[in-house]
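# Close look at the chain arrangement
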Amino acid sequence: MKRTVTLAAAVTMAAFTLKGAKAARNPGDVPAASSEATSADNAEAAGRAGEKTGTRVTSLKPEELKELADQPSKVQAVLREALALTERNLAYTYGSDDPAKGGMDCSGFVSFVLQQAGFAEVPRDSSEQYLWVRKHGDFHSMQDPGALAALRPGDLLFWSGTYTIKRDVPITHVMIYLGTGKQSGKPLMVGASEGRSYAGVRQFGVSVFDFKLPSGQPATGDPGRTPKFEGYATIPGARPGDLVDNKPAPHGAVRPSSTPHQQEPLSDGD
């Protein structure tokens, strides 16, 4: 598939209702937008934080994920590799896909993790990763009613508009969905970011984060840009029977998406 392929369709953002940290849900439940605590002590109690100049990250052990044991071996391998990187106190480093450099960017993190977990020929940047799952996977666009009901641990999450970029496929951010935490019962994701939060505390680097939808508001300081969650997909070949050769995403201009209401916005810093 050529890089000139555009996003498949207008992305209609689904409304999310905020939930508190109540009892953990069943694995099939739709993850809610996370409410956040207000104290750094809560973040430190929920995970092990490492800090250095320019870095604040939180790590969890794989066993602290509610649905881990229910996942296929390939998905478990991805989650374990991803969480292992969060223990290395890595900064957010644009352009890096090598933890030996002391940091990684979002797509570099995903590319490295998947290759370490045994997946070959993983694209390097987020837009190419989007095209990869569109071609070979089961992409769930947020224009589909109830799309989040199918979200599973190990799925790749895609955003647009998190920074200004000019390319035919304007995907700008990617992370890996972890499932729900045993302690908090909240939906979690993992990756590299500058400013997304965990338990109410901003994280800067390779870390665990709360999975939340953007507010739908224009970016701070850049009213012409609005971060959007475009959708998610299973990693091609990660689950038995999931690898299919779907038709390439059709050509077409990206149209504005409707957005959900949310009280606390996601950072648009990366």
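Keep in mind that what you see is a predicted model, and the values were worked out from it rather than measured.

The helix and strand tally for the chain stands at four helices and 10 strands. Residues classed as buried in the chain amount to 54% of the 270 residues present. Within the chain, counting contacts between residues at least 6 apart in sequence, those at least 24 apart form 65% of the total. Carbon and sulfur atoms make up 50% of the accessible area of the chain, which totals about 11500 Å².

Another point: the pairing of strand β8 (residues 187-198). Within β8, 11 of the 12 residues are buried, which leaves the element mostly enclosed by the surrounding structure. Judged from the four bridges that link them, strand β7 (residues 171-180) and β8 form a sheet pairing that is antiparallel. Opposite I176, over in β8, you have V190 as the bridge partner. Between β7 and the antiparallel strand that follows it, β8, lie six residues; G185 among them carries a positive phi value of about 70°. Pairing of β8 with strand β9 (residues 201-210) involves nine bridges; the strand directions are antiparallel. When the bridges of β9 are listed, V190 appears paired with V208. In this structure, the hairpin formed by β8 and β9 is closed by a connection of two residues, where A199 is found at a positive phi of approximately 50°.

A positive phi angle, close to 55°, is found at N89, a residue other than glycine. Mapped onto the elements of the fold, N89 is located in the loop between α2 (73-86) and β3 (91-92). According to the relative accessible area criterion, N89 is buried, its value standing at 18%. The residue E121 is not glycine, and still its phi comes out positive at about 55°. The topology assignment puts E121 in the loop between α3 (106-116) and α4 (126-136).

Moving on, we get to the side chain of T86. With respect to the element layout, T86 can be found in helix α2. The exposure class assigned to T86 is buried, which follows from its relative accessible area of 2%. Of the polar contacts made by the side chain of T86, one reaches the backbone oxygen of L83; its length is 2.6 Å. Leaving out residues up to four positions away in the same chain, T86 has contacts with V57, T58, S59, L60, V190, V206, S207 and V208.

Taking burial as the measure, the 11 residues of α3 include eight buried ones, the bulk of the element. The set of residues buried in α3 consists of C106, S107, G108, F109, V110, S111, V113 and L114. After α3 finishes, the residue G118 shows a positive phi value of roughly 105°.

Residues F109, L114, L156 and I176 are the most contacted members of the largest nonpolar core, which totals 42 residues. When contributions to this core are tallied by element, the ones reaching two or more residues are α2, α3, α4, β6 (156-160), β7, β8 and β9. Ranked by the residues each element gives to this core, the list is headed by α2, at six residues. In this view, F109 contacts A82, L85, M104, I176, V190, G191, A192 and V206; residues no more than four positions away in its chain are not counted. Residues M142, L148, L157 and M175 belong to the second largest nonpolar core, which totals 14 residues.

Mapping E128 onto the fold places it in helix α4. Here E128 falls in the partly exposed class, since its relative accessible area comes to 22%. Taking C-alpha positions, E128 is 8.6 Å from I171, a pair spaced 43 residues apart along the chain.

Our next topic: the packing of α3 against α4. Where α3 meets α4, the axes come as close as 9 Å, and the angle between the chain directions of the two elements is 50°. In terms of orientation, α3 and α4 fall into the oblique class. When α3 is examined against α4, the residues S107, V110, S111 and L114 are found in contact with a partner set consisting of S126, Q129 and W132. Tallied by class, the residues present in the contact of α3 with α4 amount to three nonpolar, four polar and no charged.

Reading guide: rules and limits
- Residues numbered from 1 in each chain as written.
- Predicted model: local features only at pLDDT ≥ 70, side-chain atom pairs only at ≥ 80, totals over all residues.
- Heavy atoms only, no water.
- Helix = DSSP H or I, 4+ residues; strand = E, 2+ residues; numbered from the N terminus.
- Buried < 20%, exposed > 50% of the residue type's maximum accessible area, 1.4 Å probe, protein only.
- Contact = heavy atoms within 4.5 Å.
- Areas by Shrake-Rupley, 256 points an atom, 1.4 Å probe, with all protein chains shown as cover.
- Pairing = 2+ DSSP bridges.
- Polar contact = N/O pair within 3.5 Å; in protein donor to acceptor, adjacent residues only side chain to side chain.
- Core = buried A, V, L, I, M, F, W, Y, C linked by side-chain atoms within 4.5 Å.
- Axes fitted to C-alpha atoms, helices over the stretch in contact; angles between N-to-C directions.
- Parallel < 35°, antiparallel > 145°, perpendicular 65-115°, else oblique.
- Nonpolar A, V, L, I, M, F, W, Y, C, P; charged D, E, K, R; others polar.

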